[in-house]
Amino acid sequence: MKISASIYSDPSRPLPEVIADLVAHEVELLHVDCNDDPTVFKDIATIRSLCNLPIDLHLITETPENYYALLEQHPVEYLTFQHESLNKPLQLPASIRAKKGIAVITPTPISIFEAYSDFDFILIMATIPGQSGGQFDRFNFEKIRHFRKQYPQKSIHVDGGVNAEVSFILRQMGVSTAVSGSYLFKASSIGNALMNLTKRSIGSHFRVADFMIPLSETPHFDLHKASVRDILLCVEHGNMGVAMAIDETGTLCGLVSSADIRKGLIKHLDQLSQLTSTDLMNPTPLTIQEDCSVTELLQVIKRSPFAVLYLPVTNAQNQLQGIVQFSNLIKAEL
């Protein structure tokens, strides 16, 4: 996951000093907020004279057409428009070649992206816009998950409340870019903050239930009613490479992955007609409870003797509640 450093979050130092510090610590993007202020482009010109880092411009205005000439004169690599400020369709000139995104605040549904389906990404504002150091609104985990499912080929950017713990969850969910401001500059050093945002997880404010894929979206079947064919189709149509086995009470009985299917087939190659549903299932999968913290989740993963691609999530009665999937951790680094 790329970190886009918000350049105006350190007002105590002159811009050239801030940029030099960010360049020295090898941030990937420089985030520039423009709240209907054309003078911001003077800062963009200054940045261009100091470094060649990609510029991530967030434009908040009712009249974006007033900025097209400035964007042609001062091209940026990423250009985001704030949806709530727009009162008419965007008509961008072809000369503006930046990757384009639309930003939405927490109450705005992701369905608005349909009008911008030719854009490259969505920017989810996870705190109150303009509020430095605000707390991440956990409702946005659900928005991220739904957007990822509906637009798997589009990128997701997040701005607001991104600390070390939130960063880990966002990486796990496949977010490609996180904007960081106050967390980055208020740390003991930018280098330490960047390490926390990209490598570690600190603290346990959120629970697994806050960001898991819920049961309604988790491939699962009734072990006592499903045939071998039913199980294979559940894994195939679930698009996760895995399906959960439960009983009539919803209690988790096991897990069927593509690897488990392969093992079951190899074991019964000479007698495939005798293959049963239990032959395809791992009856003792690694699990995590829904009220566990992010720290506890990481401890479970670290203790595992094998690579963890997904974890069934259960409640205190061992009933299946959902799943945590880790394949997006790899996607988020691309």
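Quick look at the structure, then. The shown structure was predicted, so the numbers you read here are calculated from the model rather than taken from an experiment. (Residues numbered from 1 in each chain as written. Predicted model: local features only at pLDDT ≥ 70, side-chain atom pairs only at ≥ 80, totals over all residues. Heavy atoms only, no water.)

1. As for the environment of Thr 251
So, point 1. Residue position: Thr 251 is located in the loop between strand S11 (242-246) and strand S12 (252-257).
So, point 2. Along the sequence, Thr 251 and Pro 93 sit 158 residues apart, while their C-alpha atoms lie 56 Å from each other.
So, point 3. Setting aside anything within four residues of it in sequence, one finds Thr 251 in contact with Ala 245, Ile 246, Gln 317, Asn 318 and Gln 319. (Helix = DSSP H or I, 4+ residues; strand = E, 2+ residues; numbered from the N terminus. Contact = heavy atoms within 4.5 Å.)

2. A few points about the pattern of salt bridges
So, point 1. For the structure shown, the criterion picks out seven salt bridges.
So, point 2. Between Glu 17 and Arg 13 there is a salt bridge whose closest N-O contact spans 3.7 Å.
So, point 3. When salt bridges with common partners are traced through the structure, they connect Asp 10, Arg 13, Glu 17 and Asp 21 into a single cluster. (Salt bridge = Lys/Arg side-chain N within 4 Å of Asp/Glu carboxyl O.)

3. Re the pairing of strand S15 (residues 320-325)
So, point 1. Buried residues dominate S15, accounting for five of its six residues.
So, point 2. Strand direction decides the pairing type here: strand S9 (residues 213-214) and S15, joined by two bridges, are antiparallel. Bridged to Ile 213 within S15 is Ile 323.
So, point 3. Note: strand S14 (residues 310-314) against S15, five bridges, orientation antiparallel. Residue Thr 314 lies in a different strand from S15, and its bridge partner there is Leu 320.
So, point 4. The hairpin formed by S14 and S15 contains five residues between the paired strands, and Asn 318 there has a positive phi angle of roughly 65 degrees. (Buried < 20%, exposed > 50% of the residue type's maximum accessible area, 1.4 Å probe, protein only. Pairing = 2+ DSSP bridges.)

4. Some words on helix H5 (residues 164-172)
So, point 1. For H5, a buried count of nine out of nine residues is recorded, marking the element as mostly surrounded by other parts of the structure.
So, point 2. Residues Ala 164, Glu 165, Val 166, Ser 167, Phe 168, Ile 169, Leu 170, Arg 171 and Gln 172 constitute the buried set of H5.
So, point 3. A side-chain oxygen of the first residue of H5 lies 3.2 Å from the backbone nitrogen of Glu 165; this N-cap is Asn 163.
So, point 4. Directly after H5, the chain includes Gly 174, whose backbone phi takes a positive value near 90 degrees. (Polar contact = N/O pair within 3.5 Å; in protein donor to acceptor, adjacent residues only side chain to side chain.)

5. Concerning the environment of Asp 291
So, point 1. Note that Asp 291 resides in the loop between strand S13 (288-289) and helix H11 (294-303).
So, point 2. Residues Asp 291 and Asp 43 lie 248 residues apart in sequence; the distance between their C-alpha atoms is 46 Å.
So, point 3. In this structure Asp 291 touches Arg 207 and Glu 296, once residues within four positions along its chain are discounted.

6. Re the packing of aromatic side chains
So, point 1. All told, the structure shown has 10 aromatic pairs when counted by the stated rule.
So, point 2. Both rings, one in Phe 113 and one in Tyr 151, keep their centres 4.9 Å apart while their planes meet at 70 degrees; by these two values the pair is edge-to-face. A residue pair is termed long-range when its members are at least 10 positions apart, and Phe 113 in the loop between strand S5 (99-105) and strand S6 (121-125) and Tyr 151 in the loop between helix H4 (139-150) and strand S7 (155-159) qualify at 38 residues.
So, point 3. Given the relative accessible area of 0%, Phe 113 is considered buried. (Phe/Tyr/Trp six-rings, centres within 6.5 Å; stacked < 30°, edge-to-face > 60°.)

7. Looking at helix H9 (residues 228-238)
So, point 1. Every buried residue of H9 is accounted for by Ile 231, Cys 234, Val 235 and Gly 238. The arc enclosing the buried residues of H9, seen along the axis, measures out at 95 degrees, which places them on a common side. Away from its buried face by more than 90 degrees, H9 exposes Arg 229, Glu 236 and His 237.
So, point 2. Positive backbone phi, approximately 55 degrees, marks Asn 239, located one or two places after H9. (Arc of directions from axis to C-beta.)

8. Describing the sheet that holds S15
So, point 1. Strand order across the open sheet formed by four strands is S9-S15-S14-S13, with mixed pairing between neighbours. One side of each edge strand has no neighbouring strand; the edge strands of this open sheet are S9 and S13.
So, point 2. Sheet topology places S13 next to S14; two bridges connect them, and they run parallel. For Gln 289, the partnering residue across the bridge sits in S14 and is Thr 314.

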